[in-house]
Amino acid sequence: MILDALTKNLRKTIIAGNWKMNKTPSEAKALLEEIAPLVKDADCEVVACVPYVDLATAIEATKGTNIKIGAENCHWEESGAYTGEISTGMLKELGVEYVVIGHSERRQYFGETDETVNKRTKAALKAGLKPIVCVGELLWERECNITNEVIARQIKLDLWDVSAEDMMNVTIAYEPVWAIGTGKTATAEQAEEVCAFIRLCLKGLYGLEVAESVTIQYGGSMNDKNAGELLMKTNVDGGLIGGASLVAEKFAAIVDAASRSYEE
Ligand code: PGA
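Residues numbered from 1 in each chain as written. Predicted model: local features only at pLDDT ≥ 70, side-chain atom pairs only at ≥ 80, totals over all residues. Heavy atoms only, no water.

Enquirer: Please set out the overall build of the protein chain residue by residue, giving values where relevant.
Expert: A tally of regular secondary structure across the protein chain gives 12 helices and eight strands. What you see for the protein chain is a C-alpha radius of gyration of 17 Å, in line with the 18 Å of a compact globule of 264 residues. Expressed along its principal axes, the backbone C-alpha trace of the protein chain runs to roughly 45 × 40 × 35 Å. For the protein chain, the proportion of its 264 residues judged to be buried stands at 53%. Taking the intrachain contacts of the protein chain between residues at least 6 apart in sequence as the baseline, contacts between residues at least 24 apart amount to 74%. Within the structure as shown, the protein chain displays about 12,200 Å² of accessible surface, and the carbon and sulfur contribution to it stands at 54%. (Helix = DSSP H or I, 4+ residues; strand = E, 2+ residues; numbered from the N terminus. Rg over C-alpha atoms; globule rule 2.2 N^0.38 Å. Buried < 20%, exposed > 50% of the residue type's maximum accessible area, 1.4 Å probe, protein only. Contact = heavy atoms within 4.5 Å. Areas by Shrake-Rupley, 256 points an atom, 1.4 Å probe, with all protein chains shown as cover.)

Laid out in structure tokens, this is it:
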């Protein structure tokens, strides 16, 4: 337990907002200007992942603050005939640091597969972006008792051919699909159980040292009320926040809970 606490304290806690398809550039500027003073003393990494068209404004609006900006997806090719897609080089040039990859909404509505998640992850890493790779089981899969199989498969496929060295820049987000945008949060015990299992998978693939240093977030209806309990868990090192990241006070309260989540 003491060892567990020590390793948790060594990992980077990351609270990332996932704005999804919300906020125009001017609305993004206003929200970030509202959030910035509320999170300026955060003892964790604070990230806002915003729509592509908001990125330039968001980067400008957060200059000189501790808020990092992320995109919500990226393509795996450097350029070419991929109408409507955005490359890692385009993101990098803007000053983007993080990128969400394999979110369940992309898997559900836009044909994202573990293979494309893997390609995007490797492209992001190659460009020097920090991917937040999302995994999670459907309700049906949980009910059939195959959560661990689903997660193990996603981890293995999504991270296929990603080196141990590159894993230092990867964050995993555990997002049970049944908890996203539903108001149905996983209990802190359920979140801990799967996040600990993810770490075990990482240990099998990369060894103990890498497994213990990777940040594993929980996501799915995390809010200002339940964040404290979730973030206290040994293997929950942060959150990927949808709905609550669009309300400055709520997002700031989650950042505050994360800043207090280090174990004694
Ligand atoms: P939610 O979304 O917090 O609105 O459930 C989380 C996510 O999809 O990343």
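Enquirer: Can you tell me about the side chain of Thr147, naming the residues and giving the values?
Expert: Inspection of the secondary structure assignment puts Thr147 in helix α8 (residues 147-158). Ignoring sequence-local partners within four residues, the contact set of Thr147 consists of Glu137, Glu141, Arg142 and Val194.

Enquirer: How would you sum up the pairing of strand β6 (residues 171-174)? Please name residues and give values.
Expert: Residue alternation in β6 divides its side chains into two sets, Thr171 and Ala173 and Ile172 and Tyr174, and both sets are buried. Inspection of the sheet shows strand β5 (residues 130-135) paired to β6 by four bridges, in the parallel sense. Across the sheet, residue Cys134 finds its bridge partner in β6, namely Ala173. Bridge count for β6 against strand β7 (residues 215-219) is four bridges, and the pairing is parallel. Of the residues in β7, the one forming a bridge with Thr171 is Thr215. (Pairing = 2+ DSSP bridges.)

Enquirer: Any details on unusual backbone geometry? Residues and values, ideally.
Expert: Positive phi, normally seen in glycine, also occurs at Asn145, with a value near 65°. Looking at where Asn145 falls in the secondary structure, it is placed in the loop between α7 (139-143) and α8. Phi is positive for Ser221, which is not a glycine, with a value near 55°. Note on placement: Ser221 falls in the loop between β7 and α11 (227-231).

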